[in-house]
Amino acid sequence: MQDEVDRLVEAWARERADLDLGPMEVLSRVSRLSHHLDRARRQAFTEHSIESWEFDVLAALRRAGAPYELSPGRLLKETLVTSGTMTNRVDRLAARGLVERLPDPRDRRGVLVRLTQEGRDTVDGALAGLLARERDLLSGLAPAEQKRLASLLRTLVAPFETS
């Protein structure tokens, strides 16, 4: 079975036989898969009337466990956005009834952002939809192959991750 990357690599090999095209064979496929994953994410989130950034904030709150609340500072660390961006995002999610702001009982100057029941239902539905689409994307691989691929990708990604 050949794919578009095989055709590209063959053309480059013909034109530039002096180059090692191995990285292109791997990373061009990762890039193409990323495009399909982005589309799957948009579809899953659109079905639940949310944007990708909304999912990121709601998912961070959901992963926090009951009572599904985090400080804005913790949300910044979870979603890797600036303080101003997070304020805007929380404002918009609160206006939609997906989160609420509450006083922080440990710091009277602070607030906590809490997932509402509607927010929890939304993020749970979006996650289930996303996972179904991701399973479809991986359906060409056996479970053992999926585990091996996950391990290989972890090895590649780990040096770029910050703790």
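Residues numbered from 1 in each chain as written. Predicted model: local features only at pLDDT ≥ 70, side-chain atom pairs only at ≥ 80, totals over all residues. Heavy atoms only, no water.

Chemist: Run through the overall build of the protein, naming residues and quoting values.
Modeler: Per the secondary structure count, the protein includes 7 helices and 3 strands. Secondary structure elements in the protein, listed N-terminal to C-terminal, are α-α-α-β-α-α-β-β-α-α. For the protein, whose C-alpha radius of gyration is 21 Å, the value lies well above the compact-globule estimate of 15 Å for 163 residues. Counting every position in the protein, which comprises 163 residues, the buried fraction comes to 25%. Approximately 11,200 Å² of the protein is accessible, and the part contributed by carbon and sulfur atoms is 54%. When the 26 basic and 26 acidic side-chain charges of the protein are each reduced to a single mean position, those positions are 5 Å apart. (Helix = DSSP H or I, 4+ residues; strand = E, 2+ residues; numbered from the N terminus. Rg over C-alpha atoms; globule rule 2.2 N^0.38 Å. Buried < 20%, exposed > 50% of the residue type's maximum accessible area, 1.4 Å probe, protein only. Areas by Shrake-Rupley, 256 points an atom, 1.4 Å probe, with all protein chains shown as cover. Lys, Arg positive; Asp, Glu negative; His and termini not counted. Charge placed at Lys NZ, Arg CZ, Asp CG, Glu CD.)

Chemist: Outline the packing of helix H4 (residues 72-79) against helix H5 (residues 83-95), listing residues and values.
Modeler: Helix packing for two helices is described by the angle between their axes and how far apart those axes are. Close contact between H4 and H5 brings their axes to 10 Å; oriented N to C, the two are set at 105 degrees. With respect to H5, the axis of H4 lies roughly perpendicular. The residues of H5 that touch H4, namely those facing Pro 72, Leu 75, Leu 76 and Thr 79, are Ser 83, Met 86 and Val 90. (Axes fitted to C-alpha atoms, helices over the stretch in contact; angles between N-to-C directions. Parallel < 35°, antiparallel > 145°, perpendicular 65-115°, else oblique. Contact = heavy atoms within 4.5 Å.)

Chemist: Run through the UniProt feature "domain: HTH marR-type" (unreviewed entry) in the protein, naming residues and quoting values.
Modeler: If you check UniProt for "domain: HTH marR-type" (unreviewed entry), the listed places come out as residues 23-158 in our numbering. Helix makes up 68% of residues 23-158 and strand 12%. Its end C-alpha atoms lie 18 Å apart. (UniProt positions renumbered as here; feature names shortened; annotations may be inferred.)

Chemist: Could you give an account of the environment of Ala 44, with specific residues and numbers?
Modeler: Positionally, Ala 44 belongs in helix H2 (residues 22-46). On the accessibility criterion, Ala 44 (0% relative accessible area) is buried. On a C-alpha basis, the gap between Ala 44 and Arg 133 in space is 7.6 Å, while along the polypeptide they are 89 residues apart. Excluding anything up to four places from it in sequence, Ala 44 contacts Ala 126, Gly 129, Leu 130 and Arg 133.

Chemist: Go over the pattern of salt bridges, please, and point to the residues and values.
Modeler: A full pass over the atoms with the stated rule returns 16 salt bridges. Ionic pairing is found between Arg 120 and Asp 124, a salt bridge with its closest N-O pair at 4.0 Å. Within this pair, Arg 120 and its partner Asp 124 are both found in helix H6 (residues 117-137), separated by 4 residues, close to a single helical turn. Note on Arg 120: relative accessible area 27%, which makes it partly exposed. (Salt bridge = Lys/Arg side-chain N within 4 Å of Asp/Glu carboxyl O.)

Chemist: An account of unusual backbone geometry is requested, with residue identities and associated values reported.
Modeler: In this chain, Ala 66 is followed by Pro 67 through a cis amide linkage whose omega measures 10 degrees. The phi dihedral of Tyr 68 is positive, around 60 degrees, even though this residue is not glycine. Its place among the elements puts Tyr 68 in the loop between helix H3 (52-63) and strand E1 (69-70).

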